[in-house]
Protein chains: 2
Amino acid sequence: MPDTPVRVLVADDEPLVRSGLRLILDAEPDLEVVGEAGDGAQAVELARTLRPDVVCMDVRMPGVDGLRATELVLRLPDPPRVLVVTTFEHDGYVLDALTVGASGFLLKRAGADEMVQAVRTVAVGQSLLYPQAVRDLVRARPRAKTGAPVLTPREREVLSLVAEGMTNAEIATALVVGVETVRTHVASVLAKLQARDRTQAVVLGYRAGLVDL
Amino acid sequence: MPDTPVRVLVADDEPLVRSGLRLILDAEPDLEVVGEAGDGAQAVELARTLRPDVVCMDVRMPGVDGLRATELVLRLPDPPRVLVVTTFEHDGYVLDALTVGASGFLLKRAGADEMVQAVRTVAVGQSLLYPQAVRDLVRARPRAKTGAPVLTPREREVLSLVAEGMTNAEIATALVVGVETVRTHVASVLAKLQARDRTQAVVLGYRAGLVDL
DNA sequence: GCCGATATCCCCCGGCCGGGGGAGGGGGCG
DNA sequence: CGCCCCCTCCCCCGGCCGGGGGATATCGGC
């Protein structure tokens, strides 16, 4: 059945954990650990060069942490699937991990069977969670709007035009006001969304449910 | 490795689908189809008497449907895991299925490999979804279109970082290249997307399905 | 071997943008 | 009546951006 073994990259700052994972995974004929990374930066670099099918990524790592590393890994051309591994279930990383695009989330206390199963599952392109994580997800789901910054009507209007890629001058023309006015509104929006520039404002505004793209 | 095979109950109103599933699953030495049900009521009854480890449950069934049957099955003493199977991904059943306690959600168009993997995954007590379902859960968002401009891998990578609101200098640092290089890539992206600036590039790239926000 | 595509680096320059101020008028609310 | 928020307009300035040129190296295909 194993046409060609699933190539796995293990990223964890503890050598002991890496060795343990390697032992467990290499024991399976259809799995092959092709590399180990001790921090996030290494993980990204090895993912780029080794081109594994699956990356087992620890969340807590020195320097570039697992989540950031996951983001970067998934931006690689033809990226691997990322299976995020963590120690505690309620550290709030689950949602973040899935948001940045991880394919699965596994607890370190999981047994060898589950670990092996998890790698196979994400390898075929499916997503995997532990049951508690699913419940957390379902419960925390309608969070799209809550906690969103409060923009004035005019500010929302301006933001939506910014999101259309219009310059301040064009927005001014569209709204029949001065460019200075638009500049002021944009400045308010940037401050409220804690965005550095209009590009960030568009992305953050979209994620906060303030604009539709 | 398979101490004792995973006992599976298949519930689907179409005999053809049941036979197909039985063929696929019984071909695996560690899986064993112990029964078939043609509707929800039968599924519940067989789950009670056969005590399978996993129930593959179709959503659409005459009489008691898959979701209701899932609820009932999970109320049995020492209940099996339920893997919900459906044809369409956007029928809104995902959330309902997870809410009533299903362990996983699988599309019928999934290949045999995925099907087998899915059963094994839920058998060891983990939850499973197809990636699209996770994205829907994390953030209900419409999907991308076709006819997207052709960007090189590096250009896509740069664009995704632009979509994070990063400046050219920051992108250069992240990718460990010179700022000049990033400027070149950004220029190519702008030209190909026919965008005037990076903000338009993000919006157009998102609408073309080239970047995730 | 040649050529195209890709990726990397370099320079100049005009322009829009964003930060930091300030200032006036109108409307709601105590 | 005052206060505060919203909308409106104004000035200066530093910085990043985007357009216009080129240049070199590697890789793959014909």
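It should be noted that the structure appears before, not after, this text.
The model shown is predicted, which means the values in this text are computed figures rather than measured ones.

Basis of the calculations
- Residues numbered from 1 in each chain as written.
- Chains lettered and ligands numbered in written order.
- Predicted model: local features only at pLDDT ≥ 70, side-chain atom pairs only at ≥ 80, totals over all residues.
- Heavy atoms only, no water.
- Helix = DSSP H or I, 4+ residues; strand = E, 2+ residues; numbered from the N terminus.
- Buried < 20%, exposed > 50% of the residue type's maximum accessible area, 1.4 Å probe, protein only.
- Contact = heavy atoms within 4.5 Å.
- Areas by Shrake-Rupley, 256 points an atom, 1.4 Å probe, with all protein chains shown as cover.
- Salt bridge = Lys/Arg side-chain N within 4 Å of Asp/Glu carboxyl O.
- Near = heavy atom within 4 Å.
- Polar contact = N/O pair within 3.5 Å; in protein donor to acceptor, adjacent residues only side chain to side chain.
- Nonpolar A, V, L, I, M, F, W, Y, C, P; charged D, E, K, R; others polar.
- Phe/Tyr/Trp six-rings, centres within 6.5 Å; stacked < 30°, edge-to-face > 60°.
- Axes fitted to C-alpha atoms, helices over the stretch in contact; angles between N-to-C directions.
- Parallel < 35°, antiparallel > 145°, perpendicular 65-115°, else oblique.
- Left-handed = near helix turned anticlockwise from the far one by under 90°.
- Pairing = 2+ DSSP bridges.
- Right-handed = clockwise from strand over helix to strand, strands pointing away.

Colleague: Sorry if this is basic, but what is going on with the overall build of chain A here?
Modeller: Looking only at helices and strands, chain A has 10 helices and 6 strands in total. The buried share of chain A, reckoned over its 213 residues, is 48%. Contacts in chain A between residues at least 24 apart in sequence constitute 59% of all its contacts with a sequence separation of at least 6. For chain A, the computed accessible surface area is about 9,600 Å², with 55% contributed by carbon and sulfur atoms.

Colleague: Sorry, what's going on with the pattern of salt bridges here?
Modeller: Close approach of charged atoms allows side chains with opposite charge to pair. One pass over the full model with this rule turns up 24 salt bridges over all chains. A salt bridge links A:Arg154 to A:Glu157, with the nearest nitrogen and oxygen atoms 3.1 Å apart. Highlighted residues: A:Arg154 and A:Glu157, both in helix H7 (residues 153–162), separated by 3 residues, approximately one helical turn. The closest approach of N and O atoms between B:Glu71 and B:Arg68, which form a salt bridge, is 3.5 Å. In this pair, B:Glu71 and B:Arg68 are both assigned in helix H3 (residues 66–74), 3 residues apart and thus about one turn of the helix distant. For B:Glu71, a relative accessible area of 27% puts it in the partly exposed group.

Colleague: Before we go on, may I ask you to explain the protein's contact with DNA strand C in this structure?
Modeller: DNA strand C sits among 16 residues. The nearest are A:Arg183, A:Arg198, B:Thr152, B:Gly178 and B:Thr181. For DNA strand C, the backbone makes up 67% of the atoms found within 4 Å of the protein, where backbone means sugar plus phosphate. In the environment of DNA strand C, a phosphate oxygen lies 2.6 Å from a nitrogen or oxygen atom belonging to the side chain of B:Thr152. At a separation of 3.0 Å, a base nitrogen of DNA strand C approaches a polar side-chain atom of B:Thr184. Elements with a minimum of two residues in the surface near DNA strand C: helix H9 (179–193) of chain A together with helix H9 (179–193) of chain B. Considering every element that reaches the surface near DNA strand C, the biggest residue donor is H9(B), with 4 residues. Residue classes in the surface near DNA strand C are distributed as 3 nonpolar, 7 polar and 6 charged.

Colleague: Is there a simple way to explain the packing of aromatic side chains in this structure?
Modeller: Overall, the coordinates contain 1 aromatic pair over all chains when judged by the stated rule. Taking the centre distance of 5.4 Å and the plane angle of 55° together, the rings of A:Tyr206 and B:Tyr206 count as tilted. Within this pair, whereas A:Tyr206 is found in helix H10 (residues 198–207), its partner B:Tyr206 is found in helix H10 (residues 198–207), the two belonging to separate chains. In this pair, the class of A:Tyr206 matches that of B:Tyr206, namely buried.

Colleague: Explain the packing of helix H8 (residues 168–175) of chain A against H9(A) to me, please; I cannot follow it from the model alone.
Modeller: Two measures define how a pair of helices packs: the angle their axes make with one another and the distance between the axes. Residue and element names in this part refer to chain A. Two elements in contact, H8 and H9, have axes separated by 8 Å at closest approach and are oriented at 110°. Between H8 and H9, the interaxial angle falls into the category roughly perpendicular. Note that H8 runs across H9; the crossing there is right-handed. Taking contact as the criterion, the partners of Asn168, Ala169, Ile171 and Ala172 in H8 are, on H9, Val179, Val182, Arg183 and Val186. Here the residues of the contact of H8 with H9 sort into 6 nonpolar, 1 polar and 1 charged.

Colleague: How should I be thinking about the pairing of strand E4 (residues 81–86) of chain B in this particular structure?
Modeller: For a regular strand, side-chain orientation follows a simple rule: the groups alternate between the two sheet faces. Residues and elements named next belong to chain B. Across the 6 residues of E4, 5 count as buried, placing the element largely inside the fold. Alignment of strand E3 (residues 54–58) against E4, held across 5 bridges, turns out to be parallel. Bridge pairing links Val55 to Val82 in E4. As for the winding sense of the linkage, the β-α-β connection from E3 through H3 to E4 is right-handed. Bridge count between E4 and strand E5 (residues 104–107): 4 bridges; the pairing is parallel. Bridging across to E5, Leu83 finds its partner in Gly104.

Colleague: It is not clear to me how the environment of A:Gly101 should be interpreted in this structure. Could you clarify?
Modeller: Residue and element names in this part refer to chain A. In this fold, Gly101 is placed in the loop between helix H4 (93–99) and strand E5 (104–107). A residue is classified by how much of its surface remains accessible, and Gly101, at 33% relative accessible area, is partly exposed. For Gly101 and Arg81, which are 20 residues apart along the polypeptide, the C-alpha to C-alpha distance reads 8.8 Å.

Colleague: How should I be thinking about the protein's contact with DNA strand D in this particular structure?
Modeller: Every one of the 17 residues lining DNA strand D counts as a neighbour, but A:Thr152, A:Gly178, A:Thr181, B:Arg183 and B:Arg198 are closest to it. Of all atoms in DNA strand D that approach within 4 Å of the protein, 69% are sugar or phosphate atoms. Within the side chain of A:Arg154, an N or O atom sits 2.9 Å from a phosphate oxygen of DNA strand D. B:Arg198 places a main-chain nitrogen or oxygen 2.7 Å from a phosphate oxygen of DNA strand D. When residues of the surface near DNA strand D are traced back to their parent elements, those giving at least two are H7 and H9 of chain A together with H9 of chain B. Per-element tally for the surface near DNA strand D: the top contributor is H9(A), with 4 residues. For the surface near DNA strand D, a count of residues per class yields 4 nonpolar, 7 polar and 6 charged.

These results come straight from atomic positions and should not be treated as a statement about function.
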